[in-house]
Each structure stands twice: as structure tokens, then as C-alpha cells.
Amino acid sequence: MQLGIRLHDTKALPFEDRIADVHNLGFACGHLALAKVIKEFPTTDEALTPGLAMYIKNVFARNQVDIAVLGCYLNLANPNQEQLRKTMNRYMAHIRFASWLGCGVVGTETGATNETYSFVPECHGEEALRTFIANLRPIVKYAEQMGVVVAIEPVWRHIVYSPKRARQVLDEIASPNLQIILDPVNLLDFCNYQEQEAIVEEAIDVLGPDVAMVHLKDFMPKDGKLESMGCGLGMMKYEAVLKFIKERKPYIHVTLEDTKPENNQQARAHILELYRNV
């Protein structure tokens, strides 16, 4: 695997210095959320030109760091039509930009049925799923036109909350430009974390062929919720997903999440040691 990191979890430095630091830390790729990483210049829709893409691409290439994911984690089920229109325009701007960047995927989660992007029971209902699929279709069609892969990330507290629900979305849209970001912890919640091994095995079985990249983090149950943290600090069992990577996904991009600058080397070492021995 090519192990990397979510870039906005790294030490806050000027953009070029930050990417150089990521290389020096031994990471091979990064998850790039433009506005969270770049402060020196705007990254609005109109700022995302071919020239800016080539500048960013060259900074990453110079430091031997791939852009594994261009993050666009916005709510595609927002009931506010004006906000939804802006969100869809933002996705399309990211897709165009990704085509010039040459990055792995444009990544997104799967929304909620409200303006606050917060979990309510309706998120797991059929109407929410219909809304999400309807709004995702034109995004995927645009990705096809631009030669870019959009990858959705199933999250228990969002609309696409389970492996089977994600499989349904893939099958209904039926596009090679729609794939999966597998984040095992995001499939867990306080109500099901004790079944983590069965849930991860199901995800690999149901979604494995369409997994384009992997996120890794850890968790601990606390006050009725799961608290996320860097790998090796909690209760996550990584053997199944690392075995899946080793046996079926050569050189796949894998990024660490929810690390801190003071523990990202510990998390990296933990995962690499498990990977060697799996």
C-alpha cells in the first residue's frame, strides 16, 4: 500500500512547506481538502483554474507525494435548494480541478436530510436515499465527462450508512466513475461497534471490488458515542482490512485520519507493523 495522511491533520505550515514536511515524515500520499490546507490564496470555485491545478500538482510531484483524494465533503441531500445548487456547483468545480490535478478520486460522504448536516433517524430512510441518489447522478455524469472518479464514503450517521446501502447506490447509478472510499470506523457507531469484525468483513465482501482507496483511524466508546483518534490509540482491529489491502489492492492509497502532529509517526509505525505481519 501507499500510506499517507489527511493533510489538514499535519503541522500547520505554508502550503509548499507543509507538503515538503509530509514527504519528510515518510508519507507517500495525502488527502487534500483545499480550504483546510491552503491559506495563502483563495480556493473558491472561480479560483480553481488549470494554472492553479498545475502549480499544486507540481508542488506535490516535487515532493513525491500523490494527491490520493481531493475532498469535497458537502451535503448532497440538503433540502435548501439554493444551498444545494451551490454545493453541486462546488462538486463540479472540484471534478474539473481533479481532472487537471491528476488526483486519485474526488471524495465525499453521503449527507443528511437537513441543512445542518446532522444525524436524524430519517437519514436511514428510503426517502433520504432516493434524494441522495437523485442528486448524485448528475455529479457522476459530470465526472464521466471529465474522466474523474467520484468515491463515496459510507458513514453510519449519514444516508449511506451500511455496506449494503452503498452497494445499492453503486448498482443503481451503475457507473465505473463511482467508487468507494472504505473507512472501517465510519461504519461503526455506539450501537454496533462490538460487531466491528463482522461489519468490516461484510464491507469487504460487498464493496471490495469497488474500493478505490482506504481511510484508517481508531476509536474509543465514550459517553454514548464513538470518539475518533489516531491508529493504535483505541479499539479498532485492522487485520481484516490490511489483509484485504495486501491481497487484493496492490499500491492502493491509504490515508491516516484523526492523527495529530505529535502522534502521526506513532500511528504510521503501528499500521506498517501490522501490515508487515498480517
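Remember, it's a predicted structure, so these values are computed and weren't measured experimentally. Every chain is numbered on its own, with residues counted from 1 as its sequence reads. Local features in this predicted model are restricted to residues whose pLDDT is 70 or higher, and side-chain atom pairs enter the listing and the counts only when it is 80 or higher, whereas totals over whole chains, interfaces and linings include all residues. Processing note: side-chain calculations cover all non-hydrogen atoms of the structure and skip hydrogens and water entirely.

A. Local environment of the nonpolar core. Throughout this description, the term nonpolar core refers to a set of buried Ala, Val, Leu, Ile, Met, Phe, Trp, Tyr and Cys residues connected via side-chain atoms within 4.5 Å. A 1.4 Å probe rolled over the protein chains alone gives each residue an accessible area, and that area as a share of the maximum for its type sets the label: buried under 20%, exposed over 50%, partly exposed in between. Counting 85 residues, the largest nonpolar core has Ile56, Leu136, Val169, Leu216 and Ile245 as its most contacted members. Here a helix means four or more residues in a row that DSSP labels H or I, a strand means two or more in a row labelled E, and each is numbered from the N terminus. The biggest single contributor to this core is helix H5 (residues 126-146), with 9 residues. When checking whether two residues touch, look at their non-hydrogen atoms; a contact exists if any pair is within 4.5 Å. Not counting the four nearest positions on each side in its chain, Val169 is found in contact with Leu129, Phe132, Ile133, Leu136, Ile152, Val160 and Leu178. Counting 8 residues, the second-largest nonpolar core is a separate cluster that includes Cys29, Val105, Val149 and Ile181.

B. Structural context of the packing of aromatic side chains. Each Phe, Tyr or Trp ring, with Trp reduced to its six-membered ring, pairs with another whose centre is within 6.5 Å; inter-plane angles below 30 degrees give stacked pairs, above 60 give edge-to-face pairs, and intermediate values give tilted ones. Enumeration according to the criterion identifies 6 aromatic pairs in this entry. When the ring of Phe41 is compared with that of Tyr55, the centres are 6.1 Å apart and the planes differ by 70 degrees; the resulting orientation is edge-to-face. One end of the pair, Phe41, is in the loop between helix H2 (34-37) and helix H3 (50-62); the other, Tyr55, is in helix H3, and 14 residues separate them in sequence. Pairing Phe119 with Trp156 gives two aromatic rings, centres 5.5 Å apart and planes at 40 degrees, and the pair type is tilted. Residue Phe119 is found in the loop between strand E4 (105-108) and H5, and its partner Trp156 is found in the loop between strand E5 (150-152) and helix H6 (163-173); the two are separated by 37 residues along the sequence.

C. Seen up close, the layout of surface pockets. Grid points spaced at 1 Å and placed over the protein atoms alone form the basis of the search, with a cavity being a set where a 1.4 Å probe fits but cannot get out and a pocket an open set showing protein on both sides within 12 Å along at least five of seven lines. Lining residues have an atom within 4 Å of a point. Grid points are joined across faces, edges and corners, and a volume is the space filled by probe spheres set on the points. Taken as a whole, the largest pocket spans an internal volume of roughly 680 Å³. As for the largest pocket, its lining consists of 30 residues, and the residues nearest its centre are Arg6, Lys36, Tyr73, Glu109 and Asn186. Contributing elements (two or more residues each) for the lining of the largest pocket: H2, helix H4 (81-101) and strand E9 (225-229).

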